[in-house]
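Residues per chain, in single letters:
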Amino acid sequence: MDRRSVIKHAGIAGVLAAGAAPAVHAQPTVRWRLTSSFPKSLDTIHGAADVFAKKIGEMSGGKFQVTVHAPGELVPAFGIVDALQQGTVEAGHTAPYYYFGKDDTFALGTAIPFGLNSRQLTAWYYEGNGLKLFREFYDQYNIVNFPGGNTGAQMGGWFRKEIKGPQDFKGLKFRMGGFAGKVLSRLGAVPQNIPGGEIYQALEKGTIDACEWIGPYDDEKLGFNKVAKNYYYPGFWEGGAQLDFYINKKAYNDLSAEYKAMVEAAASYAHTEMQARYDARNPAALKRLVAAGTKVAPFPKTVMDEAFKQAMALYDELSNSNPNWKKIYSDYAAFRRDQNLWFRLPEAAFDRYMQGAKL
């Protein structure tokens, strides 16, 4: 009996019996190492890399294995771009804005002050020009990127002293992740870019006066409320902070089409699940923090207004001096303008009503 006869009369069972298994079963074994910028104790943000690896393993039937490594095991927390360029590891999970020192354009891949929220950023990546533009930008770094999670809008951080106006930022040693420090420094703050696992010690010892990380669930785990009681919002510099899976270009190109599809699917799954975890876990954590004595307050409008003014001035300066920034930011800004025109009608009106309703 020839192969066509087997397929016709025996269906998939006959195909398998005849040795003509689906393509995924014929794939070679692939092993990747993925290094994370985040400590294992943070099951939300570090956990996205674990989800990514687990899904790839499941989809490939164990043929495509990704091992996840914490900062320092293979690569320092902020050393992922260099490691991928050099081929030290095959993949990384990180916040693009950690690498703004190489080019400020990296920041647009995570969050910039008064930028897109999480839904808008996802829309820009998948349905706008975001992914296309960043693929072109990352090509010079030997990297292929995939959206890899979002925190949603973040809190503004923990302060030993109350913030009453922009003047209170003068001389403030503030743990501020990445690019946003450029805006806070224009208010007089002294930004400190410290990895998540080292922030508590710096705050406890007084090396810094204030810190921000993400929001209640992670901040409670890191213990910031034990050494600072004033908790401000919003983190106007991170209205929707996106993480990325960075893949070494050669490692990605060497994959079969099936394995490439698995990488894309696993990244998308992790991207969605990460924010779902934060949205589900932050409310209870906030209640616990308040019960333990945390003072929650909004930043004064004068702080927001001055920061907005300084952010827009910085973006104009960068557009005049950095062609990479100008190319991507001009598209980003146009998308942001249209998104806010839309969001302020149904989304904002619905949210305002529901947040004022007695539930």
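See the structure above.
The paragraphs below set out a description of the structure included in this document. (Residues numbered from 1 in each chain as written. Predicted model: local features only at pLDDT ≥ 70, side-chain atom pairs only at ≥ 80, totals over all residues. Heavy atoms only, no water.)

1. Section: the sheet that holds strand 7 (residues 190-192)
Across the sheet, which stays open at both edges, the six strands sit in the order 7-6-8-5-9-11 with mixed pairing between neighbours. Edge positions in the open sheet fall to strand 7 and strand 11 (295-298), since each of these has one partner strand only. Sheet topology note: the strand 6 (residues 173-175)/strand 7 ladder contains three bridges and is parallel. When the sheet's bridge partners are listed, Lys173 is paired in strand 7 with Val190. (Pairing = 2+ DSSP bridges. Helix = DSSP H or I, 4+ residues; strand = E, 2+ residues; numbered from the N terminus.)

2. Some details on the nonpolar core
In this structure, Trp124 and Phe169 are the most contacted members of the largest nonpolar core, which totals 79 residues. Not counting residues within four places of it along the chain, the set of residues in contact with Phe169 comprises Phe159, Ile163, Phe174, Leu184, Leu187, Gly188, Ala189, Phe299 and Val303. Among the nonpolar cores identified, the runner-up in size contains 25 residues, and Phe52, Ala91, Phe245 and Ala251 belong to it. (Core = buried A, V, L, I, M, F, W, Y, C linked by side-chain atoms within 4.5 Å. Buried < 20%, exposed > 50% of the residue type's maximum accessible area, 1.4 Å probe, protein only. Contact = heavy atoms within 4.5 Å.)

3. Let's talk about the sheet that holds strand 3 (residues 91-94)
The strands making up a sheet are joined through hydrogen bonds of the backbone, oriented either antiparallel or parallel. With mixed pairing, the five strands of this open sheet are ordered in space as 2-1-3-10-4. Looking along the sheet, the strands with just one partner apiece sit at the ends: strand 2 (64-69) and strand 4 (143-150). With direction set aside, neighbouring strand axes in the sheet form an average angle of 25 degrees. In terms of strand pairing, strand 1 (residues 30-36) meets strand 2 through six bridges, oriented parallel. Paired with Trp32 across the bridge in strand 2 is Val66. Running at roughly 155 degrees to strand 4, helix 4 (residues 118-126) makes contact with strand 4 and strand 10 (242-248) of the sheet. (Axes fitted to C-alpha atoms, helices over the stretch in contact; angles between N-to-C directions.)

4. As for the side chain of Thr94
Along the chain, Thr94 turns up in strand 3. Within the structure, the side chain of Thr94 is placed 3.0 Å from the side chain of Tyr99, a separation counted as a polar contact. Apart from the residues lying within four places of it in its own chain, the contact partners of Thr94 are Ser37, Phe38, Ile80, Tyr99, Leu243, Asp244 and Tyr246. (Polar contact = N/O pair within 3.5 Å; in protein donor to acceptor, adjacent residues only side chain to side chain.)

5. Concerning the side chain of Asp219
Mapped onto the fold, Asp219 is located in helix 8 (residues 216-222). Buried charged residue Asp219 carries no salt bridge. Nearest counter-charge: Arg175, at 8.5 Å. Here Tyr231 takes part through its side chain, which lies 2.7 Å from a polar atom of the side chain of Asp219. Once residues within four sequence positions are removed from consideration, Asp219 is found in contact with Trp158, Trp213, Ile214, Phe224 and Tyr231. (Lys, Arg positive; Asp, Glu negative; His and termini not counted. Salt bridge = Lys/Arg side-chain N within 4 Å of Asp/Glu carboxyl O.)

6. Structural notes on the packing of aromatic side chains
A full pass over the atoms with the stated rule returns 42 aromatic pairs. For Lys260, the ring lying beneath its charged end belongs to Tyr252, and the centroid distance is 5.3 Å. (Phe/Tyr/Trp six-rings, centres within 6.5 Å; stacked < 30°, edge-to-face > 60°. Lys NZ or Arg CZ within 6 Å of the ring centre and 35° of its normal.)

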